[in-house]
Amino acid sequence: MNATTYGLDIAKRVFQLYWVEAQSGEIVNRRFGREELIGFLARRPTGRVALEACGSGHWWARKIQTLGHEVILLHAKFIRPFVQTNKTDAADARAIWTAAQQPGMRTVAAKTEDQQAMLGMHRMRALLVKFRTMQINQLRGLLYEFGVTFRAGRLAGLAEIRARMVELEEALPGALLSSLQDQLKRIDGLQSDIETLEKRIGAWNKQEAACRAIAEVPGIGRLTATALVATMGQARAFKSGREFAAFLGLVPRQSGTGGKVRLGSISKRGDPYVRTLLIHGARSVMCHAKAPSAWQTKVQARRPANVAAVALANKMARTAWAILAHGRAYQKDYVSVRPA
């Protein structure tokens, strides 16, 4: 007998579960509390529990797996077309159950605690970098109102501000000068916090074999390696490197009708943070590679710089997937062979 499939709509306190009893054919759409749901699933026979890959979805996936069930994580955009009526918890649970029954439905691999923690540190670092940039830009703008300008660049600009502090004491009112010194301290504090997070990310990069393996790929450093591994989850969850690149939004958007397919700009789906890291890494390779590959040279010769950077980022993502999915080491001159 086939295992029962459950459609679970999760929230903070209210959880809706939809399923069909295998023996009687009865349709059940029931609301649970948090502990009540865990207890109910613990008592039920082994089945398949489908839910959205949304907030707390990966924690619920790990929790339900410990209860003996198979978990299916689905992207929310694949579930929305199956909502037949107005959007309610009951309608969402039924839509999740229906989507899980579709053949060939794409799923999301459940992330481990370490992978989620790493992504959390990346998010905190990104926000601190944004705060630091905002503080420095505000500082430049305020000083420009008093006719004071500085060199471009974060390090060069801050160094010049500190070197010209005597000049600023004469050019600025006393109240603003005190606030300027306070803001410089805040920027130093942000920089210290960013460096602390980067050390923790670097430590995980050293101890994780998957990170060390893909860090050999040109253009992939410790930030990109840790973010890629944490975002990918399980490499085998993707059928191919191209599917992983499409997951990151690094493939052309397709639009077709009447048998004619048009390719546009990249889709920009998936995580923009990881995509940005890959593209920045590709730009670094394009500018600083001592011995660029023949493929890279040809792409740069016939395509604009931005297009070539995205193409190289796509290749880096596919290479990283192949290394992790097949357990291989990076080979600079490796030539892939299409299976017959």
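1. Re the packing of helix α5 (residues 113-144) against helix α10 (residues 222-232)
Helix-helix packing: each pair is described by the crossing angle between the helix axes and the interaxial distance.
Right, so step 1: Close contact between α5 and α10 brings their axes to 8 Å; oriented N to C, the two are set at 135°. Judged on the interaxial angle alone, α10 and α5 are oblique. Seen along the crossing, α5 lies across α10 with a hand that is left-handed. Across the interface between the two elements, Gln115, Met118, Leu119, His122 and Arg125 from α5 touch Leu223, Thr226, Ala227, Val229, Ala230 and Thr231 from α10.

2. Topic: the nonpolar core
Right, so step 1: One finds Ile214, Ile220, Leu228, Phe244, Leu248, Leu250 and Leu278 to be the most contacted residues of the largest nonpolar core, which totals 47 residues.
Right, so step 2: Mapped onto this core, the elements with two or more residues apiece are α5, α8 (174-207), α9 (209-214), α10, α12 (272-288) and α14 (305-326).
Right, so step 3: In terms of residue count, the dominant contributor to this core is α14 (eleven residues).
Right, so step 4: Ignoring sequence-local partners within four residues, the contact set of Leu228 consists of Ile214, Ile220, Phe244, Leu248, Val274, Leu278 and Ala320.
Right, so step 5: Counting 20 residues, the second largest nonpolar core, distinct from the first, contains Trp60, Ala61, Ile64 and Ala110.

3. Points about helix α4 (residues 89-100)
Right, so step 1: Helix length check: α4, at twelve residues, gives a terminal C-alpha distance of 17 Å against a target of 16 Å (1.5 Å per residue), a fit within 8%.
Right, so step 2: Within α4 the residues assigned to the buried category are Ala91, Asp92, Ala93, Ala95, Ile96, Trp97, Thr98, Ala99 and Ala100.
Right, so step 3: Buried residues along α4 sit in contact with β1 (5-9), β2 (15-20), β3 (27-32), β4 (48-52), β5 (70-74) and α3 (76-79).

4. What to know about a positive patch on the surface
Right, so step 1: Together, Lys77, Arg106, Lys239, Arg253 and Arg269 make up a region of like positive charge exposed at the surface.
Right, so step 2: By the secondary structure assignment, Lys77 is in helix α3.

5. Overview of the sheet that holds β2
Right, so step 1: Strand order in the open sheet made by the five strands is β3-β2-β1-β4-β5, with mixed pairing throughout. The two strands at the open ends of the sheet, each matched to only one other strand, are β3 and β5. Sheet twist, expressed as the mean angle between neighbouring strand axes with direction ignored, is 20°.
Right, so step 2: Summarising the sheet, β4 and β5 pair through five bridges and their orientation is parallel. The partner of Glu52 across the bridge, within β5, is Leu74.
Right, so step 3: In the packing of helix α2 (residues 57-66) onto the sheet, the strands contacted are β1, β2, β4 and β5, and the crossing angle to β5 comes to about 165°.
Right, so step 4: Strand contacts of α4: β1, β2, β3, β4 and β5, with the helix running at about 140° to β1, the strand carrying the most contacts.

6. Some remarks on the pattern of salt bridges
Right, so step 1: Enumeration according to the criterion identifies eleven salt bridges in this entry.
Right, so step 2: Here Glu167 and Arg164 are joined by a salt bridge, their closest N and O atoms 2.9 Å apart.
Right, so step 3: One salt-bridge network, held together by shared partners, links Arg151, Glu160, Arg164 and Glu167.

7. Side note on the environment of Thr85
Right, so step 1: Here Thr85 shows up in the loop between α3 and α4.
Right, so step 2: By relative accessible area, Thr85 is classed as exposed at 57%.
Right, so step 3: Between the C-alpha atom of Thr85 and that of Ala95, which follows or precedes it by ten residues, the distance is 9.9 Å.

Conventions we followed
Sequence positions are assigned chain by chain, starting from 1 and proceeding in written order. Side-chain atom pairs in this predicted model are given and counted only at pLDDT of 80 or more, local residue features only at pLDDT of at least 70, and totals for whole chains, interfaces and linings cover all residues. Computation of side-chain values covers all heavy atoms of the structure but excludes hydrogens and water. Between the N-to-C directions of two axes lies an angle of 0 to 180 degrees, each axis being a line fitted to C-alpha atoms and, for a helix, fitted only over the stretch in contact. Numbering of helices and strands runs from the N terminus; a helix is a DSSP stretch of H or I covering at least four residues, while a strand is a stretch of E covering at least two. Our angle categories are set so that under 35 degrees counts as roughly parallel, over 145 as roughly antiparallel, 65 to 115 as roughly perpendicular, and the remainder as oblique. By convention the crossing between two helices is left-handed if the near helix lies anticlockwise of the far one by an angle smaller than a right angle, and right-handed if it lies clockwise. Note on contacts: a residue pair is in contact if any heavy atoms of the two residues lie within 4.5 Å. Here, nonpolar core refers to any group of buried Ala, Val, Leu, Ile, Met, Phe, Trp, Tyr and Cys residues whose side-chain atoms link them within 4.5 Å. Throughout, exposure labels follow a simple rule: accessible area from a 1.4 Å probe, protein chains only, divided by the maximum for the residue type, with under 20% read as buried, over 50% as exposed, and the rest as partly exposed. Each residue after the first adds 1.5 Å to the expected span of a helix. Here the term patch refers to residues with relative accessible area over 30% and no salt bridge, with like charges joined within 9 Å and nonpolar side chains (Val, Leu, Ile, Met, Phe, Trp, Tyr) within 5 Å. Under the convention used here, a 1.4 Å probe and the Shrake-Rupley method define accessible areas, while residue burial counts only the protein chains that appear. Any carboxyl oxygen of Asp or Glu within 4 Å of a side-chain nitrogen of Lys or Arg constitutes a salt bridge here. Only four residue types enter the charge count: Lys and Arg as positive, Asp and Glu as negative, with His and the chain ends excluded. Note on charges: their place is set at NZ of Lys, CZ of Arg, CG of Asp or CD of Glu. Only strands joined by at least two bridges in the DSSP assignment are considered to pair.

Shape descriptors only; they carry no functional weight alone.
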